[in-house]
Amino acid sequence: MSNLFYKNLGTKLHACRKSQQITLQQLSGELCKSIATISKYEKGEIAVDLETLIDWCRFLNVDISSLLPGTHKEEGNTSRYHQHFIEQLYLYSYLGHKNKIHLDVIKVDNTTTSATLYLDVPDASDIYHCSFVYSGKVIYSDVSISFVFFNMAPPFDMITFSMPALSEHSQYKIGMLSSITFYYQNIAIKVLVSETPMDNRNFLLEKLQFSPDDVKRIKQFNSFIV
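Residues numbered from 1 in each chain as written. Predicted model: local features only at pLDDT ≥ 70, side-chain atom pairs only at ≥ 80, totals over all residues. Heavy atoms only, no water.

### Looking at the nonpolar core
Heads up, the rule is: For our purposes a nonpolar core is just a set of buried Ala, Val, Leu, Ile, Met, Phe, Trp, Tyr and Cys residues, chained together by side-chain atoms within 4.5 Å. For the exposure calls, accessible area comes from a 1.4 Å probe over protein chains only, and a residue counts as buried if that area is under 20% of its type's maximum, exposed if over 50%, partly exposed in between. Think of it this way: any DSSP run of H or I at least four residues long counts as a helix, any run of E at least two long counts as a strand, and we number them from the N terminus. Whether two residues are in contact is decided by their heavy atoms, any of which lying within 4.5 Å being enough.
Judged by nonpolar contacts, the single largest core of 35 residues is most densely connected at L9, W56, Y92 and Y118. Elements with a contribution of two residues or more to this core: α1 (3–19), α2 (24–31), α3 (35–43), α4 (50–60), β1 (88–95), β2 (100–109) and α5 (201–208). For this core, the element with the most residues is α1, which contributes 6 residues. Ignoring sequence-local partners within four residues, the contact set of Y92 consists of I101, H102, L103, K190, V191, L192, P197, M198, L204 and L208. In terms of nonpolar packing, the next biggest core, distinct from the first, is built from 23 residues, Y81, I106, L117 and F161 among them.

What follows is the structure, given as structure tokens:
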């Protein structure tokens, strides 16, 4: 295996540990490894052996397949949607109560149609320092791309996301993310999605804030249409 493989694996393990607020000391005790060794694993400086990786994933309650490159192609004729395949998506939403642009990032393994959602990313250049990590699947169709994600740590909630298929003529699309709040309320969020980071706050606000036409359509159809 290359050094890049272990570096990518280490950053994913680090993100999963941090999202569950587990310290190096706690993990060190569970794996019977020194803190220095655990730190080197997460930095990709040394190779983690399979037995340690299995114990690590069991402790974090993480599916080991979500951390490794795909080796088995998903059954079904997904090749027909090859023109829609994406590898990474940046999801922007607007938190009105905080007057804040919120960023999530999705990484996709099209070999297995598996996907990982990094929720609440502070910086697009460092997606692994996120608040939560979700694992799930991507579903392609002729006109849309959909995702289903499950949180790898408590609270064990589910997030779904759906968007029109991207094309070479569009830099972004508007999609819908739905989940349940900490107060057990269903919630649907308007999301701008792009294959590249976007940093124009005024543009994002213009596209993400509800317009009078948005409100009119909601009242007219009694449905959330984006």
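### Quick notes on α3
Keep this limit in mind: Directions are taken from the helix axis to each C-beta atom, and the arc is the one they span.
Turning to α3, its buried residues number three or more, namely I38, S39, Y41 and E42. Viewed along the axis of α3, the buried residues span an arc of 155 degrees, placing them on a single side of the element. Just downstream of α3, G44 is the residue with a positive phi angle, here 75 degrees.

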